[in-house]
Amino acid sequence: MDRGFLFGDGIYEVFPVYNGLILGLESHLQRLQEGLDAINIVNPYDKKKWTSIINELITYHQENSEQAIYLQVSRGCDDDRKHTHGKLKPTIYMQSSPFKSPTKSDLLKGSAAITRTDIRWSQCDTKTTSLLANIMFAQEAKNHSVEEVILIREGIVTECSSSNLFLVKNNCIYTHPKGPYILPGITREIIIDCAKYCDIKVEEIAFNKESLMVADEVWISSSTREVVPIVCIDDRLINNGKVGETWSVIYDSYQATKSIRV
Ligand code: PMP
């Protein structure tokens, strides 16, 4: 009778861990809080308690230098399956999975993507466990042997099935602004910081598919994939299929951030 199982009524987070250190811990816990607030689940723990539980799980798996900690808070178990609910005790589920961040030489080969209409709801900024549209898109990417599905809502490129999207044009980085149509990715935030640190201009504005197709560079970002250059979209090469120089600078800066920032 857990509403997470029955309805996908819950919030989740994925924390990337490098050599025992969580990257962006504070931001992930903040987004968890915002997600729980958005769907009216009372956060069962404060940040200090979450940090201690997550760290305990990390130490169980010290043998893995890179771990992805998956955390889910569902609304909890009811005594019957009904759409409405009373006051319930949230269920907490956590797991650690080993992951392997991609190497720069692998990424330099460039990845492909396809575009699809973004059919999701208008609360994409809530990291809910109800992911049906996202997983269907992800499966489509897999079936087409591409890295991602790029989503387009009323002509505007929003994000991808499980990552945010960036384009570079004339040395400026563009990404969709935060709001109801994208998940505010923590990696996205770190990349924006890296760009500022490297003196590269960033514009958080909406852009259309035409701009995407004539971009100098396109990348996607997520906690476990980091920053992946996309060189082919819908079977058309972006910038003649070459991975761009701006990506390389940001990739290096991101790697440096991993070792210093928690
Ligand atoms: N957008 C969507 C739809 C996602 O599922 C994810 C990854 N969970 C992201 C963006 C990237 O978020 P983050 O950088 O926090 O992993």
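Residues numbered from 1 in each chain as written. Predicted model: local features only at pLDDT ≥ 70, side-chain atom pairs only at ≥ 80, totals over all residues. Heavy atoms only, no water.

## Focus: the layout of surface pockets
Then step 1. The space that makes up the largest pocket amounts to roughly 770 Å³.
Then step 2. Contributing elements (two or more residues each) for the lining of the largest pocket: β1 (10–18), α5 (132–143), β7 (156–160), α6 (186–197) and β11 (217–222).
Then step 3. If you tally residues by element for the lining of the largest pocket, the top one is α5, at five residues.
Then step 4. When the residues that make up the lining of the largest pocket are grouped by side-chain class, the tally is 13 nonpolar, 15 polar and six charged.
Then step 5. Formed jointly, the lining of the largest pocket draws a minimum of three residues from each of two domains, domain 1 (3–98) and domain 2 (104–261).
Then step 6. The volume enclosed by the second largest pocket comes to roughly 210 Å³.
Then step 7. If you trace the second largest pocket, you find it lined by S27, Q30, R31, E34, A38, D125, T126, K178, P184, G185, I186 and E189.
Then step 8. If you list the elements that add at least two residues to the lining of the second largest pocket, you get α2 (25–38) and α6.
Then step 9. The element best represented in the lining of the second largest pocket is α2, accounting for five residues.
Then step 10. The class makeup of the residues in the lining of the second largest pocket is three nonpolar, four polar and five charged. (1 Å grid on protein atoms, 1.4 Å probe; cavity = no way out; pocket = protein on both sides within 12 Å on 5 of 7 lines; lining within 4 Å. Points joined across faces, edges and corners; volume = space filled by probe spheres on them. Helix = DSSP H or I, 4+ residues; strand = E, 2+ residues; numbered from the N terminus. Nonpolar A, V, L, I, M, F, W, Y, C, P; charged D, E, K, R; others polar. Domains from an automatic or database assignment.)

## Topic: the domain arrangement of the protein chain
Then step 1. With domains assigned, the protein chain is organised as domain 1 (3–98) and domain 2 (104–261).
Then step 2. Here the C-alpha centroids of domain 1 and domain 2 sit 25 Å apart.
Then step 3. Interface area for domain 1 against domain 2, summed over the two sides, is near 1,600 Å², with a carbon-plus-sulfur share of 63%.
Then step 4. Looking only at domain 1, the three residues that lose the most surface to domain 2 are Y12, L23 and R31, adding up to 39% of its buried area. (Buried area = accessible area lost by both parts, 1.4 Å probe.)

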